[in-house]
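Coordinate analysis (summary)
Spelled out from the first residue to the last, the chains are:
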Amino acid sequence: TSAIGKNYMMMLLRAWGVPTLDLGMDVPAEAFLQAVEERGIRFAVCVGFSAADAEFVRSLHQKASEHGIRKYFKLMLCGATLSGETLAQLPLDFPDNRAAAVAEWMVDAWKR
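All residue numbers refer to position in the chain's written sequence, counted from 1. Since the coordinates come from a predicted model, pLDDT governs what is reported: local features require at least 70, and pairs of side-chain atoms require 80 or more to be given and counted, while whole-chain, interface and lining totals use all residues. Computation of side-chain values: all heavy atoms of the structure, hydrogens and water removed.

Description of helix 3 (residues 51–66)
Compared with the 22 Å implied by 1.5 Å per residue over 16 residues, the 22 Å span of helix 3 between its first and last C-alpha is a close match. Each residue is placed in one exposure class: buried if its accessible area under a 1.4 Å probe, protein chains only, is under 20% of its type's maximum, exposed if it is over 50%, and partly exposed if it falls in between. Note on conventions: DSSP H or I runs of at least 4 residues are helices, E runs of at least 2 residues are strands, and numbering of each starts at the N terminus. Three or more residues of helix 3 are buried, namely Asp53, Ala54, Val57, Leu60 and Ala64. Here the buried residues of helix 3 occupy an arc of 115° about the axis, which is enough to place them on one side. In helix 3, the exposed positions angled more than 90 degrees off the buried face are occupied by Ala51, Ala52 and Glu66. Residue contacts follow a heavy-atom distance rule, with two residues in contact if any of their heavy atoms lie within 4.5 Å. Each element contacted by the buried residues of helix 3 is listed here: helix 2 (29–39), strand 1 (43–47) and strand 2 (74–78). By the criterion applied in these results, polar contacts are pairs of N or O atoms within 3.5 Å in which, for protein atoms, one can donate a hydrogen and the other can accept it, and in which residues neighboring in sequence qualify only through two side-chain atoms. Its side-chain oxygen placed 3.3 Å from the backbone nitrogen of Ala52, Ser50 serves as the N-cap of helix 3. Phi turns positive one or two residues past the end of helix 3, at Gly68, with a value near 75°. Any helix carries an expected span of 1.5 Å times its number of residues minus one. Comment: arc refers to directions from the helix axis out to C-beta atoms.

Some thoughts on the nonpolar core
In these notes, a set of buried Ala, Val, Leu, Ile, Met, Phe, Trp, Tyr and Cys residues joined through side-chain atoms within 4.5 Å is what counts as a nonpolar core. Counting 19 residues, the largest nonpolar core has Cys46, Leu60, Leu75, Leu77, Leu90 and Leu92 as its most contacted members. Secondary-structure elements contributing two or more residues to this core are helix 2, strand 1, helix 3 and strand 2. Dropping the residues within four chain positions of it, Leu92 is found in contact with Val57, Leu75, Met76, Leu77 and Leu87. If you look at the next biggest cluster of nonpolar residues, it comprises 18 residues, including Cys78, Ala99, Val102 and Val107.

Some points on the packing of aromatic side chains
Only centres within 6.5 Å qualify two rings of Phe, Tyr or Trp (six-membered ring in Trp) as a pair; their planes then separate them into stacked at under 30 degrees, edge-to-face at over 60, and tilted for everything else. This structure, assessed with the given rule, holds 3 aromatic pairs. Judged by centre distance (5.9 Å) and plane angle (55°), the rings of Phe32 and Phe56 are tilted. Placement of Phe32 in helix 2 and of Phe56 in helix 3 is noted, with a sequence separation of 24 residues between them. Judged by its relative accessible area of 24%, Phe56 falls in the partly exposed class. Seen in terms of ring centroids, Phe94 and Trp105 are 5.2 Å apart; in terms of plane orientation they differ by 20°. Their pairing is stacked. Of the two residues, Phe94 is situated in the loop between helix 4 (84–88) and helix 5 (99–111) and Trp105 in helix 5; the sequence distance between them amounts to 11 residues. An aromatic cluster of at least three residues, connected via ring pairs, comprises Phe43, Phe94 and Trp105. Only when the NZ atom of a Lys or the CZ atom of an Arg is both within 6 Å of the ring centre and within 35 degrees of the ring normal do we say a charge sits over the ring. Directly above the aromatic system of Phe73 lies the positively charged group of Arg70, at a separation of 5.0 Å from the ring centroid.

Below is the structure:
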């Protein structure tokens, strides 16, 4: 993942007043799942740029589904330079991968 991409997303969300939790870089899926279960996290944003990052998103979705908690959070990916076809095949709740668009969507969803 990209520290710059992660920090940019955190900056956008904080500027719009969305509470954030920075889990760090290269976080295992279990850390996301633990945050959802223990802290009631409503959004998980992965910052990625490769097929391996896309596979992580699939894995996170699958593990969350197996734990019965996927319905409790929205999953997004930003920063990716993946093809539109690859993005469309990912289990994302918002199909755009541009950081500002993802942040804006999260702000709107968070306010509801």
